[in-house]
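# Summary of structural features
Next come the chains, spelled out residue by residue.
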Amino acid sequence: MGIGILSVGSYLPERIMTNADWTKLIETSDEWITERTGIKKRHFAPEGVNTSDLVMRAAEKALQRANLHPQDLTEIIVATDTPELYTPDTAALVQHKLGVNEVPAYDLAGSGCAGFVQALAVAKSRVESEGGKILVAGVELFSRMMNWKDRNTCVLFGDGAGAAIVAETKSQSEILATYAGTDGSKADILGLEIGGTRRPITAEMIADPSYPPIVMKGKEVFREAVVRMSQAARVVLEKAQVSLEDISLIIPHQANLRIIEAVANALEVPLEKVYVNVQDYGNTGSASVPIALDEALQTEHIRPGELVLMTAFGAGFHWAAALVRL
Ligand code: UT7
């Protein structure tokens, strides 16, 4: 028996914000956003809906599809950079709201958009050592945390959640190889330097029109994302002794269509083999890979038994890849 993904679920809040909607708020255009990013629209959560609510909706779908009850879960890992509270973590809120037993629940926070794929690797090793069934979620509620006046960043993001259940499987489903890496020297290129011990939030800071001060050196992030995602993909292929030709679908983190095209180019695979939905959801951070995985399964872009390669990159810098037989 291998350790694999039993089921997947995702959730996108109903409110849709198009590029045209953004043009009413900031100086931008549909042409600029489409040409530079490929994004046409994104989903935003309404007031009153918080990070744990998004996870709940995705988790409920994943549980239902695996024919499991919340009490069957033995652990919860939530990957997010937009937690509901500073403390306790979102995973604790999910444990309570879902009605899961008093099992370990923790966030994998601050890994940027690589969080879900990193969490998959953690879940696999936890099942190896402890057994059980682990809920692994990736979630972001960027619309609540981003700077709505900063056109360099605000048009890129969307809200959403995705979840997978990792456990021993009787089928051929298996997480064949995982890999993750970090380069903390690049912390000043992409991040939100606020609210921690270095820069506690003050009244003056909140009154500043540039609040919250998201740092993003777009071109450097772009270059690094392409190199790291394609390298990470090659590492898991090597670890599992699988060739790219055997992969049915590559699911890269969905940040920018041009980044995805460059990764396909670097891996020398046609774009048809690469899943793309950034046009519909924007960059949903840790949620982007599980949302894409769920959508690819539901639309039969990938079928049980086939090999899928997930690769992601985000703030830190962190990067991670996973090769999975579904
Ligand atoms: O998950 C990680 C999150 N971040 C990323 O993945 C970001 C990775 N980087 C990127 O996706 C791209 O670098 C961006 C989409 C952010 C930017 O694309 P670019 O081709 O690197 O554009 P640029 O930085 O060269 O900006 C060109 C111009 C600038 O104007 P000037 O200085 O040339 O006059 C910007 O001020 O575009 C301007 N600009 C905009 N114009 C209209 C920046 N944002 C906007 C906007 N609408 N929303």
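Conventions used here
Residues numbered from 1 in each chain as written. Predicted model: local features only at pLDDT ≥ 70, side-chain atom pairs only at ≥ 80, totals over all residues. Heavy atoms only, no water. Axes fitted to C-alpha atoms, helices over the stretch in contact; angles between N-to-C directions. Helix = DSSP H or I, 4+ residues; strand = E, 2+ residues; numbered from the N terminus. Parallel < 35°, antiparallel > 145°, perpendicular 65-115°, else oblique. Left-handed = near helix turned anticlockwise from the far one by under 90°. Contact = heavy atoms within 4.5 Å. Nonpolar A, V, L, I, M, F, W, Y, C, P; charged D, E, K, R; others polar. Near = heavy atom within 4 Å. Polar contact = N/O pair within 3.5 Å; in protein donor to acceptor, adjacent residues only side chain to side chain. Areas by Shrake-Rupley, 256 points an atom, 1.4 Å probe, with all protein chains shown as cover. Domains from an automatic or database assignment. Expected span 1.5 Å × (residues − 1). Buried < 20%, exposed > 50% of the residue type's maximum accessible area, 1.4 Å probe, protein only. Phe/Tyr/Trp six-rings, centres within 6.5 Å; stacked < 30°, edge-to-face > 60°. Lys NZ or Arg CZ within 6 Å of the ring centre and 35° of its normal. Buried area = accessible area lost by both parts, 1.4 Å probe. Salt bridge = Lys/Arg side-chain N within 4 Å of Asp/Glu carboxyl O. Pairing = 2+ DSSP bridges.

Put simply, helix α3 (residues 51-65) and helix α4 (residues 90-98) touch, their axes get as near as 9 Å, and they point 55° apart. In terms of orientation, α3 and α4 fall into the oblique class. As α3 packs across α4, the resulting crossing turns out to be right-handed. Side by side, α3 and α4 meet where Thr 51, Ser 52, Asp 53, Val 55, Met 56, Ala 59, Glu 60 and Leu 63 of the first sit next to Thr 90, Leu 93, Val 94, Lys 97 and Leu 98 of the second. Classifying every residue of the contact of α3 with α4 by side-chain character gives seven nonpolar, three polar and three charged.

A few words on the site of the ligand. Near the ligand you find 21 residues, and of these Thr 28, Arg 36, Lys 219, Asn 256 and Asn 283 are the closest. At 2.9 Å from an oxygen atom of the ligand is found a side-chain nitrogen or oxygen belonging to Arg 36. In this structure, His 253 approaches the ligand through a side-chain N or O atom, which is 3.4 Å from an oxygen atom. In isolation the ligand has 960 Å² of accessible area, and contact with the protein removes 74% of it. At the level of secondary structure, the elements contributing two or more residues to the shell around the ligand comprise α2 (30-37), α7 (151-154), α9 (218-240) and α10 (257-267). Top element by residues in the shell around the ligand is α9. It accounts for four residues. Here the shell around the ligand spans two domains, since at least three of its residues come from each of domain 1 (2-171) and domain 2 (176-325).

The next subject is helix α5 (residues 115-130). In this model α5 runs 22 Å from its N-terminal to its C-terminal C-alpha over 16 residues, within 8% of the 22 Å that 1.5 Å per residue would give. If you check which residues of α5 are buried, you get Gly 115, Phe 116, Val 117, Gln 118, Ala 119, Leu 120, Ala 123, Lys 124 and Val 127. One or two residues past the end of α5 sits Gly 131, with phi positive at roughly 75°.

Let's shift gears to the packing of aromatic side chains. Within this structure, the stated rule accounts for five aromatic pairs. Consider the rings of Phe 142 and Phe 157, whose centres lie 4.6 Å apart with planes at 45°: the pair is tilted. In this pair, Phe 142 sits in helix α6 (residues 142-145) while Phe 157 sits in the loop between α7 and β7 (160-169), placing the two residues 15 residues apart along the sequence. Geometry around Trp 319 places Arg 228 over its ring, the cationic atom sitting 3.9 Å from the centre.

Domain boundaries assigned for the protein yield domain 1 (2-171) and domain 2 (176-325). Contacts between the two partners involve 49 residues from domain 1 and, on the opposite side, 44 residues from domain 2. Here domain 1 packs against domain 2, burying approximately 3,400 Å² in sum over the two surfaces, 63% of which is carbon and sulfur. Here Arg 65 and Asp 294 are joined by a salt bridge, their closest N and O atoms 2.8 Å apart. Remark: the boundary between domain 1 and domain 2 carries 14 residue pairs in polar contact (both at pLDDT 80 or more). Top contributing element to the side of domain 1 that touches domain 2 by residue count: α5, with seven residues.

Enumeration according to the criterion identifies 11 salt bridges in this entry. The closest approach of N and O atoms between Glu 224 and Arg 228, which form a salt bridge, is 3.1 Å. Linking Glu 224 with Arg 228, this pair stays in helix α9, spanning four residues, or about one helical turn. Here the residues in one salt-bridge network are Asp 183, Lys 186, Glu 224 and Arg 228, joined through shared partners.

Before going further, it helps to spend a moment on the sheet that holds strand β11 (residues 249-252). Across the sheet, four strands lie side by side as β8-β13-β12-β11; this open sheet has mixed pairing. Looking along the sheet, the strands with just one partner apiece sit at the ends: β8 (174-182) and β11. For this sheet, the mean inter-axis angle between neighbouring strands, taken without regard to orientation, is 10°. Relative to strand β12 (residues 307-314), β11 runs parallel, the two being bridged by four bridges. Within β12, the residue paired with Pro 252 across the bridge is Thr 311.

Let us now look at the packing of α9 against α10. The contact between α9 and α10 brings their axes to 9 Å, and the two run at 45°. Considering their axes alone, α9 and α10 lie oblique with respect to each other. When the axes of α9 and α10 are compared, the crossing they make is right-handed. On the side of α9, the interface is formed by Phe 222, Ala 225, Val 226, Met 229, Ser 230, Ala 233 and Arg 234, while α10 contributes Arg 258, Ile 259, Ala 262, Val 263, Ala 266 and Leu 267. Each residue belonging to the contact of α9 with α10 can be placed in one class, and the counts come to 10 nonpolar, one polar and two charged.

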